[in-house]
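Okay, here's what each chain looks like letter by letter:
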Amino acid sequence: MGIVNRAVRNISRRKIRASLVIIALSISLSIMISIPAGLMANQEAANDMANNLSSTITETGESITQALSQIDVTMSSRFAGYGFSPDATPTIIQGGQIPRDGQVLNPSNAPGFGDRYGGFRGGEISGQFGGALQASTPMNQELYSDISNINGVAAMLPSLEASDGSQEQTLEMMGRSFTTQIIDYTIKGIPLTSELLSSYNILPSNIVAGRNLRADETGVVLLSQNNSAFFSAKVGDTITIFDTDFIVVGIYEPSASTDNLILYMNLSDAQTITNNTGYITSLKIFTTSSEVVNTVVEEIRSLHPEVTVITGQERLNQLEYMQSRYNEAIESSQASIAATQATALQEIIVVVAATSLIVLFVMLYTVRERTKEIGTLKAIGFSNRAVMAQFILEGLLLSTIAGIIGVAIASFAAPTLSSLLLPSVQSSLGFTLSATGPIVAATTNPVTLSVELVLATLGGAMLLGVLGTLYPSWRAAKIRPAEAMRYE
């Protein structure tokens, strides 16, 4: 205990110097711990995105392969407003709200689409859809009933999707910032007819609580597990959607990550609560076989040039293309991370060298300054080993204190330090994939200090303190008492 007490007293005798040394060492050590922490966060983010991407591509591919005899029909964005009621006075709608029946948008005097639908004259629908966020362009359901008469069409599934969100997020993509709304949930209204329910898989099958929707039901909803958590609701509870109460009859586990936010209800309910009776956002066409798909598609495009028609095979081709792009992005990301690792290694070597040199020069100066004291200790019987142990212990104490302070600094400054010291990982992985294509998504992993990293840093600090003190302590032990007493 005597040697420890002397080490503490020797450090405390020179408070200013000891403080300056500890500050310098703690900054070096905080940098040393922040670099690997940032590197691990980058690696984890890339790995998570790659894993999620692979899973999503697999899930989407399986669902598309199973639906090669189906056709998806949506309104082309170029024809926004096509088919709205011609009977009412045209009205310019502010804020992107789609009106109730009897109103149309008329923001310009551009030529319309002819007299067939009452001379709707141009314009775009954007922003909110009946009070909810909506990316799809709405369609007048009545105008597409003729599709059912095409040879090879077995059934049609009209649906309406609208999303609700209360927060905004900013995403970075290709050097530009985009502000989007964070979606809380998406309602999907489909006709609950016994014919469709019995013949086609139009509802989720993996029910984990309660039951599925039944034919002709209204006023009820089927929630995903995410929806259940968002609404804090279980089977039998009543939830409010767009100021309308619904009873939860079941909860399902999504089969794909893109279904996490979707809740299902009767199409008539969805149209009512979004103030869009008679309008839908998409049509799913079920054909009698995959062999007639191309013929049916040609007929639909001939009858309705205003719509976008996509088949399962086309989506599969798109998926294969996106998969190749994502594989390239993953490779690019891994190459970027490898370059970052090389930079991190160089920086850690510099920091370790700087930390060792700080300890070395401080202890060399300390030995020089305390030459007479060393001579006195040896004169009264201290061995070379005891003198070396005294100085090594002092260096060890300084480094340990600095290591603790460095960890404390890095615990809140690691994200900033790592972002300043490490090059950003350039990657095209800021996407997730849905059945309709890529969706921008922000993916970042927080920079955190693991217990292993903290212990490794403290151990490294102690080791550097010992190594940096070895030569000065050896030099001190070699000083002869007679020479030390004459030193000025």
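Look a little higher up for the structure.
We now turn to the structure provided with this report. (Residues numbered from 1 in each chain as written. Predicted model: local features only at pLDDT ≥ 70, side-chain atom pairs only at ≥ 80, totals over all residues. Heavy atoms only, no water.)

**Digging into the packing of aromatic side chains**
Piece 1. Per the stated rule, a full pass over the model turns up seven aromatic pairs.
Piece 2. Judged by centre distance (5.0 Å) and plane angle (50°), the ring pair of Tyr-185 and Phe-231 falls under tilted. On the criterion of sequence distance, the pair formed by Tyr-185 in strand E8 (residues 185-190) and Phe-231 in helix H4 (residues 225-231) is long-range, its members being 46 residues apart.
Piece 3. For Tyr-185, a relative accessible area of 4% puts it in the buried group.
Piece 4. Accessibility expressed as a relative area gives 17% for Phe-231, which makes it buried.
Piece 5. Aromatic pair Tyr-252 and Tyr-264: ring centres 5.9 Å apart, planes at 70°, arrangement edge-to-face. Taken together, the positions of Tyr-252 in strand E12 (residues 244-252) and Tyr-264 in strand E13 (residues 262-266) put the pair twelve residues apart, joining distant regions of the chain.
Piece 6. Note on Tyr-252: relative accessible area 2%, which makes it buried.
Piece 7. Note on Tyr-264: relative accessible area 7%, which makes it buried.
Piece 8. One aromatic cluster in this structure is built from Tyr-185, Phe-230, Phe-231 and Phe-242. (Phe/Tyr/Trp six-rings, centres within 6.5 Å; stacked < 30°, edge-to-face > 60°. Helix = DSSP H or I, 4+ residues; strand = E, 2+ residues; numbered from the N terminus. Buried < 20%, exposed > 50% of the residue type's maximum accessible area, 1.4 Å probe, protein only.)

**Overview of the nonpolar core**
Piece 1. Counting residues in hydrophobic clusters, the biggest one holds 39 residues, and the most contacted among them are Ile-187 and Ile-241.
Piece 2. For this core, the leading source of residues is helix H6 (residues 293-303), giving four residues.
Piece 3. Apart from the residues lying within four places of it in its own chain, the contact partners of Ile-187 are Leu-160, Glu-161, Ala-162, Ile-241, Phe-242, Leu-263, Met-265, Ala-270, Ile-273 and Thr-274.
Piece 4. Within the second largest apolar cluster, 21 residues are counted, among which are Val-359, Val-362, Met-363 and Ala-402. (Core = buried A, V, L, I, M, F, W, Y, C linked by side-chain atoms within 4.5 Å. Contact = heavy atoms within 4.5 Å.)

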